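These are the residues of each chain, in order.
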Amino acid sequence: MDVKQAIKGLAIIALLGGIARICMMPSAYIWGSDSMPELISGFAACVLMGIGIIGVYLYQAPRSSILGLISVLILSVSSALTAALVWNNMLGLLPEDHDYISTLLPVNSALTLVGQIVFAATAIRARVYPIWSLILFIVYPGIYFIPSVSDLGSVAWGLCYVVFALYVLQEKARKTY
């Protein structure tokens with residue numbers, strides 16, 4: 001297997017992760033927030049997106065910097081932490097009941113936000129992915145703070161990964177913005 005095939009394989013994983021993240025929204029509307037179907041979709045999304053982001057980075061790596069690599073590593077670690085937090089929630093372990101969960105939540109949120117901003121900034125400089133998807137990657141966390149549309153945050157998050165993966169799979173690259 002050569003590097004191009006590995007990158008495409010990782011892009012497929014990112015695509016599946018994005019789709020799983022998008023599936024959280026209908027699950028939340030149908031079965032309720034923190035329902036088992038939503039949590040299963042979220043757990044699958046965390047695992048797949050944490051692995052798939054590596055392929056998204058590798059596709060732009062020749063045009064990216066070491067900061068891009070660091071941001072992807074941060075995003076992968078934060079995806080693993082988020083998967084662990086979702087798993088705890090699936091087991092019924094709540095932040096109020098356990099101090100380690102209460103401590104891990106803000107640390108993970110900060111890691112994720114820093115990773116997203118730095119990744120998007122390095123990706124904008126690399127000019128490989130569409131600018132609108134990178135801007136959405138930066139601003140989608142704000143959607144979670146709008147009560148009536150907060151479940152759409154997972155759709156925006158998943159859409160970013162779907163777009164990144166499709167660009168890799170189609171071997172598209174924007175030359176200029």
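To be clear, the structure that these remarks concern was listed above.
Reading the values: rules and limits
- Residues numbered from 1 in each chain as written.
- Predicted model: local features only at pLDDT ≥ 70, side-chain atom pairs only at ≥ 80, totals over all residues.
- Heavy atoms only, no water.
- Core = buried A, V, L, I, M, F, W, Y, C linked by side-chain atoms within 4.5 Å.
- Buried < 20%, exposed > 50% of the residue type's maximum accessible area, 1.4 Å probe, protein only.
- Helix = DSSP H or I, 4+ residues; strand = E, 2+ residues; numbered from the N terminus.
- Contact = heavy atoms within 4.5 Å.
- Phe/Tyr/Trp six-rings, centres within 6.5 Å; stacked < 30°, edge-to-face > 60°.
- Lys NZ or Arg CZ within 6 Å of the ring centre and 35° of its normal.

Visitor: Give a description of the nonpolar core that names residues and reports values.
Guide: Counting residues in hydrophobic clusters, the biggest one holds 32 residues, and the most contacted among them are Ile 53, Val 56, Phe 119, Tyr 129, Phe 137, Tyr 161 and Phe 164. Those elements giving two or more residues to this core turn out to be helix H1 (3–22), helix H3 (36–60), helix H4 (66–90), helix H5 (99–126), helix H6 (131–143) and helix H7 (152–169). No other element matches H7, which puts 10 residues into this core. Every residue in contact with Tyr 161, bar those within four places of it in the chain, is listed here: Ala 14, Gly 18, Met 49, Ile 53 and Phe 137.

Visitor: Explain the environment of Val 118 to me, using residue names and the numbers behind them.
Guide: Along the chain, Val 118 falls in helix H5. On the accessibility criterion, Val 118 (25% relative accessible area) is partly exposed. Once you skip the residues sitting within four places of it in the chain, Val 118 turns out to touch Leu 67 and Ser 71.

Visitor: Break down the packing of aromatic side chains for me, with residues and values.
Guide: Summed over all chains, the structure comprises 11 aromatic pairs. Measuring from centroid to centroid gives 6.0 Å for Phe 119 and Phe 164, while their planes differ by 65°, and the two rings are edge-to-face. Of the two residues, Phe 119 is situated in helix H5 and Phe 164 in helix H7; the sequence distance between them amounts to 45 residues. Phe 164 matches Phe 119 in its accessibility class, with the two residues each being buried. Feature note: the residues Tyr 59, Phe 119, Tyr 129, Phe 137, Tyr 140, Tyr 144, Trp 157, Tyr 161 and Phe 164 constitute an aromatic cluster, connected by ring pairs. Against the face of Trp 157 rests Arg 21, its NZ or CZ located 3.9 Å from the ring centre.

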